[in-house]
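# Observations on the model geometry
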Amino acid sequence: MTAPASPTDPESLRERALDALTTARDRTALLTSCVEEPELTAQHSPLMSPLVWDLAHIGNQEELWLLRAVAGRDAMRPEIDGLYDAFEHPRAERPSLPLLPPAEARQYAAEVRGRALDVLESTAFRGTPLTEAGFAFGMIAQHEQQHDETMLITHQLRKGPAALTAPSPAPAPPFTGPAEVLVPGGPFTMGTSTEPWALDNERPAHRREIPPYFIDTTPVTNAAYQAFIEDGGYDTERWWSPEGWSHIRSHCIEAPLFWRREGGQWLRRHFGVTEVVPPDEPVLHVSWYEADAYARWAGRRLPTEAEWEKAARHDPAADRSTRYPWGDADPTPEHANLGQRHLRPAPAGSYPAGASPLGVRQLIGDVWEWTSSDLHPYPGFAAFPYKEYSEVFFGPEYKVLRGGSFAVDQVACRGTFRNWDYPIRRQIFSGFRTARDGAA
């Protein structure tokens, strides 16, 4: 059995879509108003777009899908479509394009939003795949929040003083529970066919048979990762895959991104502030290669994507898959660290209300978690509404991450949500937990 979907009556969906779109736009405004214009137009890293590109791209995608595709309206600015096509121009080239300046980008995005809200008010949530259950509106809210996370990554990469502030997560007592949890073997339902705004790579629901395994109760912490470093983890070839060893040696990588050793302790640069690395937080800004090496050093391995999802969604008592580890209810601040409420992960073991039925914690929020799996389609996959969202990325080049991070809004984070990136990536808000085979 699968979890029931979120409400599907038209007025509830309309209210949900309005809230999701408004929340995303408020966050976009925050991320693009806290710095001066030169910071918006600069490229802070060749891995990232200028912030002003993301701003106009958000508006352009909203126009393409909500005004043109859903409402059938004529293009507002057809001449800029190519500038903001993510597949036409690599990020490193975008600063050289004739981009809309900040004031014009804001005006364009605002005008699109005004018209999109009119479309939302008049759209019947039925009749076409795009409008069924308000899918297109949910897709656009998710798209904007994904770019908000990308812009937050850019803020972390930029030099200079802090431009963003947020309260720290509530202090948590040291976690004293079991280090790992046994997940019994057997079938479970992976993916979804009922979640209204689930994206194509999350579909369809299908049964998976998983042998028993143990999985870490919490993500791996900075203190645990420091033990790997101090034990010569970055200097010992046997812990690394051949590709990983070649990569860290050729790039002289000796610690997570933004870390440096000074005066006998590890410091890190975190959104413009230098601080001592917090020992009880989940480790952040590590590549798949680093996560894989740590797991080998610890005598363990990374969980597969299916193992991660079973730990996060399977309720053994009811023999069904839920939307989230805690059940089917939408996340609250008691469940998970999401939505940029904080600018850091919470201490390992936080959010007991968000634990899975088996007691696994922080599976949603805090840090994206690397899995051992390549990105592949589920059986019965069908690309929708365009193949460039997922299909072009299928294959061994990308590793799957699950669970979201403190930078992810709840509209773009659920138990079935799939993220992916190259195994070398470290600027993303990535961490991990480990697993090991269980007894038969």
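An account of the accompanying structure is given in this report. Computed from a prediction, not measured in an experiment: that's the story for all the values here.

Conventions used here
Residues numbered from 1 in each chain as written. Predicted model: local features only at pLDDT ≥ 70, side-chain atom pairs only at ≥ 80, totals over all residues. Heavy atoms only, no water. Helix = DSSP H or I, 4+ residues; strand = E, 2+ residues; numbered from the N terminus. Rg over C-alpha atoms; globule rule 2.2 N^0.38 Å. Buried < 20%, exposed > 50% of the residue type's maximum accessible area, 1.4 Å probe, protein only. Contact = heavy atoms within 4.5 Å. Lys, Arg positive; Asp, Glu negative; His and termini not counted. Charge placed at Lys NZ, Arg CZ, Asp CG, Glu CD. Pairing = 2+ DSSP bridges. Axes fitted to C-alpha atoms, helices over the stretch in contact; angles between N-to-C directions. Expected span 1.5 Å × (residues − 1). Parallel < 35°, antiparallel > 145°, perpendicular 65-115°, else oblique. Left-handed = near helix turned anticlockwise from the far one by under 90°. Nonpolar A, V, L, I, M, F, W, Y, C, P; charged D, E, K, R; others polar. Polar contact = N/O pair within 3.5 Å; in protein donor to acceptor, adjacent residues only side chain to side chain. Phe/Tyr/Trp six-rings, centres within 6.5 Å; stacked < 30°, edge-to-face > 60°. Lys NZ or Arg CZ within 6 Å of the ring centre and 35° of its normal.

### Some points on the overall build of the protein chain
Counting secondary structure elements, the protein chain contains nine helices and 14 strands. Over its C-alpha trace the protein chain gives a radius of gyration of 21 Å, about what one expects of a compact globule, namely 22 Å for 440 residues. Counting only C-alpha atoms and orienting by the principal axes, one finds that the protein chain spans roughly 60 × 50 × 40 Å. Across the 440 residues that make up the protein chain, the buried fraction comes to 57%. Across the protein chain, contacts joining residues at least 24 apart in sequence account for 77% of those joining residues at least 6 apart. Positive and negative side-chain charges of the protein chain, numbering 43 and 60 respectively, have mean locations separated by a distance of 3 Å.

### Quick notes on the pairing of strand β6 (residues 265–270)
In this structure, strand β5 (residues 259–262) lies alongside β6, joined through four bridges in antiparallel fashion. In the sheet register, Arg 260 faces β6, and the bridge partner there is Leu 267. Between the end of β5 and the start of β6, which pair antiparallel, lie two residues, with Gly 263 showing a positive phi angle near 60°. When β6 meets strand β7 (residues 273–276), the two strands line up antiparallel, connected through four bridges. Directly across from Arg 269, in β7, lies its bridge partner Thr 274. The loop that links β6 with its antiparallel partner β7 comprises two residues; one of these, Phe 271, has a positive phi angle of about 50°.

### Concerning the sheet that holds strand β14 (residues 435–437)
The strand order across the open sheet formed by three strands is β1-β4-β14, and the pairing between neighbours is antiparallel. Two strands in the sheet have a free side with no partner beyond their single neighbour: β1 (180–183) and β14. Neighbour-to-neighbour, the strand axes of the sheet open up by a mean angle of 20°, direction not taken into account. In the sheet, strand β4 (residues 213–216) pairs with β14 via three bridges, with the strands oriented antiparallel.

### Brief notes about the sheet that holds β7
Taken in spatial order, the three strands of this open sheet run β5-β6-β7, and their pairing is antiparallel. Edge positions in the sheet fall to β5 and β7, since each of these pairs with one other strand and no more. Sheet twist, expressed as the mean angle between neighbouring strand axes with direction ignored, is 35°. Strand contacts of helix α6 (residues 222–230): β5 and β6, with the helix running at about 65° to β5, the strand carrying the most contacts.

### Observations concerning unusual backbone geometry
Following Arg 203, the chain continues into Pro 204 via a peptide bond in cis, with omega recorded as -10°. When you line up the elements, Pro 204 lands in the loop between β2 (186–190) and β3 (206–210). The omega torsion across Phe 384 and Pro 385 is 0°, close enough to zero to call that bond cis. Tracing the chain through its elements places Pro 385 in the loop between β10 (368–375) and β11 (395–402). Even without being glycine, Asp 319 reaches a positive phi, approximately 50°. Take Asp 319: it is sitting in the loop between β8 (314–315) and β9 (320–321).

### What to know about the environment of Leu 164
One can find Leu 164 in the loop between α5 (135–157) and β1. With 208 residues separating them along the chain, Leu 164 and Ser 372 place their C-alpha atoms 33 Å apart. When sequence neighbours within four positions are dropped, the list of residues in contact with Leu 164 reads Leu 30, Leu 31, Cys 34, Leu 152, His 155, Gln 340 and Leu 343.

### Some words on helix α1 (residues 10–33)
If you check α1, its first and last C-alpha atoms are 34 Å apart, about what 24 residues at 1.5 Å a residue would give, namely 34 Å. Its buried side turned inward, α1 meets α2 (37–41), α3 (51–70), α4 (102–122) and α5.

### Focus on the packing of α1 against α5
To describe two helices that pack against each other, one gives the angle between their axes and the distance between the axes. Running from N to C, α1 and α5 point in directions that differ by 20°, and their axes come no closer than 9 Å. Comparing the axis directions of α1 and α5 gives the class roughly parallel. Crossing angle aside, the handedness with which α1 passes α5 is left-handed. Each of Ala 17, Ala 20, Leu 21, Thr 23, Ala 24, Arg 25, Arg 27, Thr 28, Leu 31 and Thr 32 in α1 lies in contact with α5, whose residues at this interface are Phe 137, Ile 140, Ala 141, Glu 144, Gln 145, Asp 148, Glu 149, Met 151, Leu 152 and His 155. Partitioned by chemical class, the residues of the contact of α1 with α5 number ten nonpolar, five polar and five charged.

### Topic: helix α8 (residues 288–297)
α8 sits mainly inside the fold: eight of its ten residues count as buried. Three or more residues of α8 are buried, namely Trp 288, Tyr 289, Glu 290, Ala 291, Asp 292, Ala 293, Tyr 294 and Ala 295. Buried-residue contacts for α8 involve α6, α7 (242–250), β10 and β11. Regarding α8, its N-cap is Ser 287, as a side-chain oxygen of that residue lies 3.4 Å from the backbone nitrogen of Tyr 289 further along. Positive phi appears at Gly 299, one or two residues downstream of α8, with a value of about 75°.

### With respect to the side chain of Arg 418
Turning to its location among the elements, Arg 418 is positioned in strand β12 (residues 418–421). Given the relative accessible area of 2%, Arg 418 is considered buried. For Arg 418, the side chain forms a polar contact with the side chain of Glu 305, separated by 2.6 Å. Dropping the residues within four chain positions of it, Arg 418 is found in contact with Asn 201, Glu 202, Glu 305, Leu 375, His 376, Tyr 378, Leu 401 and Arg 402.

### Re the packing of aromatic side chains
Scanning all chains against the criterion turns up 28 aromatic pairs. Members of the aromatic cluster, joined through ring pairs, are Trp 65, Phe 87, Tyr 386, Tyr 389, Phe 393, Tyr 398, Trp 420 and Tyr 422. It is Arg 16 that lies over the ring of Trp 197; its NZ or CZ is 3.8 Å from the centre.

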